Amino acid sequence: MKKISVVIPAHNEEGNIPLIYQRVKDVFSTLENYRFEIIFVNDGSRDDTQKEIEELAQNNDEVKYIEFSRNFGHQHAVKAGMDSSTGNAMISMDADLQHPPELILELIKRWEEGFDIVYTIRTYPKQISAFKRKTSTLYYKFLTRISDVNLSEGGGSDFRLMDASVVDVVRNMNEADIFLRGLSNWMGFRRTGVHFTAGERATGESSYNLKKMMKFAFTGITAFSVKPLYLAAYLGFIFSALAAVGYGIYVIHSFISKTEISGWASLIMTVVFFGGVQLIILGIMGIYLGKIFNQVKERPNYIIRSKNF
Ligand code: UDP
Ligand code: MG
């Protein structure tokens, strides 16, 4: 009998834990040839998430849990679940039921057809704000453009199945800033996607506010592209060329008219403008430097406080 590990990161998901467990269990009860384990990863919840998970685990052998010592972030929670998964395949999905458990059937079907990674392509229902839908699509298009991985399809969702061999590859990666959506694409393997419509959260609220979304977006860009670093060189060339032309015009002008060009205001504006450009470039270099700093420290991606397996 094949075993499927379902990895569910949970940050303040009180109320959703029993719901998602029941739904996943119902799905597997329709499958005869598969066993499953659910690995809940409690990512520093401040509500009763841990209590609910432990209650489930007491009564159900297939419920495993990992409790982090604090909040380490969604991506690290999924990574932790993958690190400990023992199934022939692993499925990661959100705890808030926005990822319909019934789709697991489809994921397994495609896996059995021989695909190593089955990702999901999310279409947003109308209830999700237009802002979130639009920014998400634009972001993945942009990221695809500046990086070497294609994230336009299935980039925006961490609902996916990976064969044990793929999970093994991820397990052995030691990136301080992990961005699974990019990695799963970057690794290659035989891949396919299935569509689903994201539902609304069952209860509670999203942990991703605008600030966190921006941070996540930056992580994605800097983890998969060094193009922002080239910006300095490009801008340098452009402005040098402009300056050369401008200087030529100035010299010719002063020979012909024998008067100085006045222009205090434009001078100050230029100084301020280039000051700004240089700070932006420095900032971008700083971001990458910070990433190198984080990586060389080789701190663990997460710290486990308790675990029942
Ligand atoms: N999550 C997590 N750690 C965090 C934030 C979120 O483990 O720091 C989990 C959360 O419990 C959920 C999934 O990641 O299972 C997606 O989070 P959320 O629903 O808040 O994001 P959204 O669906 O709004 O993008
Ligand atoms: Mg959600």
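Residues numbered from 1 in each chain as written. Chains lettered and ligands numbered in written order. Predicted model: local features only at pLDDT ≥ 70, side-chain atom pairs only at ≥ 80, totals over all residues. Heavy atoms only, no water.

Under an unreviewed UniProt entry, the protein has the name Glycosyltransferase family 2 protein and belongs to Kaistella yananensis. Here is the UniProt Subcellular location (unreviewed entry) comment for the protein, exactly as written: "Membrane". (UniProt positions renumbered as here; feature names shortened; annotations may be inferred.)

Asker: Please clarify how the UniProt feature "transmembrane region" (unreviewed entry) in the protein should be interpreted in this entry.
Answerer: If you check UniProt for "transmembrane region" (unreviewed entry), the listed places come out as residues 229-252 and 264-289 in our numbering. Helix and strand shares over residues 229-252 are 100% and 0% respectively, and the end C-alpha atoms of the span are 36 Å apart. (Helix = DSSP H or I, 4+ residues; strand = E, 2+ residues; numbered from the N terminus.)

Asker: Sorry, what's going on with the site of ligand 1 here?
Answerer: Looking at ligand 1, there are 18 residues lining it, with Glu13, Asp43, Gln98, Ser206 and Ser207 nearest. In this structure, an oxygen atom belonging to ligand 1 sits 3.0 Å away from a side-chain N or O atom of Asn71. Note that a nitrogen atom of ligand 1 is positioned 3.4 Å from one of the backbone N or O atoms of His74. Here ligand 1 loses 93% of its free accessible area of 530 Å² to cover by the protein chains. (Near = heavy atom within 4 Å. Polar contact = N/O pair within 3.5 Å; in protein donor to acceptor, adjacent residues only side chain to side chain. Areas by Shrake-Rupley, 256 points an atom, 1.4 Å probe, with all protein chains shown as cover.)

Asker: I tried to follow the confidence of the model for the protein on my own but got confused; where do I start?
Answerer: Should the pLDDT be low somewhere, the predicted coordinates at that spot are not to be read in detail. Model confidence for the protein is summarised by a mean pLDDT of 87, while 96% of its residues fall at 70 or above. If you check the scores for this complex, the pTM reads 0.81 and the ipTM reads 0.96. (pLDDT = per-residue confidence, 0-100.)

Asker: Help me out: how do you make sense of the coordination of the magnesium ion (ligand 2) in this one?
Answerer: A four-donor tetrahedral metal ideally has 109.5 degree angles, and a six-donor octahedral metal ideally has angles of 90 or 180 degrees. At this site the magnesium ion (ligand 2) is bound by Asp96 (OD) and Gln98 (OE1), with donor distances of 1.9 Å. Residue Asp96 shares its accessibility class with Gln98, and that shared class is buried. (Donors = N, O, S within 2.8 Å, 3.2 Å for Na, K, Ca; no water. Buried < 20%, exposed > 50% of the residue type's maximum accessible area, 1.4 Å probe, protein only.)

Asker: Got a minute to help me understand helix α8 (residues 210-224) in this structure?
Answerer: Because the α-helix completes a turn every 3.6 residues, residues three or four places apart line up on one side. In a regular helix each residue adds 1.5 Å, so 15 residues correspond to 21 Å; α8 covers 21 Å between its end C-alpha atoms and thus fits that length. The set of residues buried in α8 consists of Phe216, Ala217, Thr219, Gly220, Ile221, Thr222 and Phe224. Where the residues of α8 are buried, they touch α3 (74-84), α5 (130-146), α7 (180-186), α9 (227-257) and α10 (264-297). (Expected span 1.5 Å × (residues − 1). Contact = heavy atoms within 4.5 Å.)

Asker: Teacher, can you tell me more about the packing of α3 against helix α6 (residues 164-171) here?
Answerer: Between two packed helices, the angle of one axis relative to the other and the distance separating the axes together describe the packing. As a packed pair, α3 and α6 sit with axes 9 Å apart at the nearest point and diverge in direction by 120°. Overall, the two elements α3 and α6 adopt an arrangement that is oblique. The handedness of the crossing between α3 and α6 comes out as left-handed. When α3 is examined against α6, the residues Lys79, Met82 and Asp83 are found in contact with a partner set consisting of Val167, Val170 and Arg171. (Axes fitted to C-alpha atoms, helices over the stretch in contact; angles between N-to-C directions. Parallel < 35°, antiparallel > 145°, perpendicular 65-115°, else oblique. Left-handed = near helix turned anticlockwise from the far one by under 90°.)

Asker: Sorry if this is basic, but what is going on with the pairing of strand β1 (residues 2-10) here?
Answerer: Along any regular strand the residues' side chains alternate between the sheet's two faces. Where burial is concerned, most of β1 is hidden: eight out of the nine residues are buried. Bridge count between β1 and strand β2 (residues 34-42): nine bridges; the pairing is parallel. Note on β2: the bridge partner recorded for Lys2 is Tyr34. Between the parallel pair β1 and β2, the chain is carried across by helix α1 (residues 16-29), and the sense of this crossover is right-handed. (Pairing = 2+ DSSP bridges. Right-handed = clockwise from strand over helix to strand, strands pointing away.)

Asker: It is not clear to me how the side chain of Thr222 should be interpreted in this structure. Could you clarify?
Answerer: Structurally, Thr222 is set in helix α8. With a relative accessible area of 11%, Thr222 lands in the buried category. Separated by 3.0 Å, the side chains of Thr222 and Lys291 make a polar contact. What Thr222 contacts, discounting residues up to four positions off in sequence, is Ile287, Tyr288 and Lys291.

Asker: For this particular structure, what's the right way to read the packing of aromatic side chains?
Answerer: Aromatic ring pairs are described here by two measures, namely the spacing of the ring centres and the angle between the planes. For the coordinates displayed, the defined rule picks out ten aromatic pairs. Ring centres of Phe159 and Phe196 lie 5.5 Å apart, and the angle between their planes is 85°; on these two criteria the pair is classed as edge-to-face. Within this pair, whereas Phe159 is found in the loop between α5 and β6 (160-163), its partner Phe196 is found in strand β7 (residues 191-197), the two being separated by 37 residues in sequence. Take Phe159: its relative accessible area is 0%, and that puts it in the buried class. Judged by relative accessible area, which is 5%, Phe196 ranks as buried. Measuring from ring centre to ring centre gives 4.7 Å for Phe239 and Phe274, while their planes differ by 85°; the resulting arrangement is edge-to-face. Taken together, the residues Phe239 in helix α9 and Phe274 in helix α10 connect sequence positions 35 residues apart. Classification of Phe239 by relative accessible area gives partly exposed; the value is 22%. (Phe/Tyr/Trp six-rings, centres within 6.5 Å; stacked < 30°, edge-to-face > 60°.)

Asker: Would you explain the nonpolar core in this entry?
Answerer: As a rule of thumb, nonpolar side chains are buried together in soluble globular proteins. Val24, Phe28, Phe40 and Ile108 are the most contacted members of the largest nonpolar core, which has 37 residues in total. Residue assignment for this core shows that the elements contributing at least two residues are β1, α1, β2, α2 (49-59), β3 (63-68), β4 (89-92), α4 (103-112) and β7. In terms of residue count, α1 provides more of this core than any other element does, six residues in total. Not counting residues within four places of it along the chain, the set of residues in contact with Phe40 comprises Ile8, Ile17, Ile20, Tyr21, Ile53, Leu56, Val63, Lys64, Tyr65 and Ile66. Judged by nonpolar contacts, the second largest core, of 33 residues, contains Phe68, Met90, Tyr140 and Leu180. (Core = buried A, V, L, I, M, F, W, Y, C linked by side-chain atoms within 4.5 Å.)

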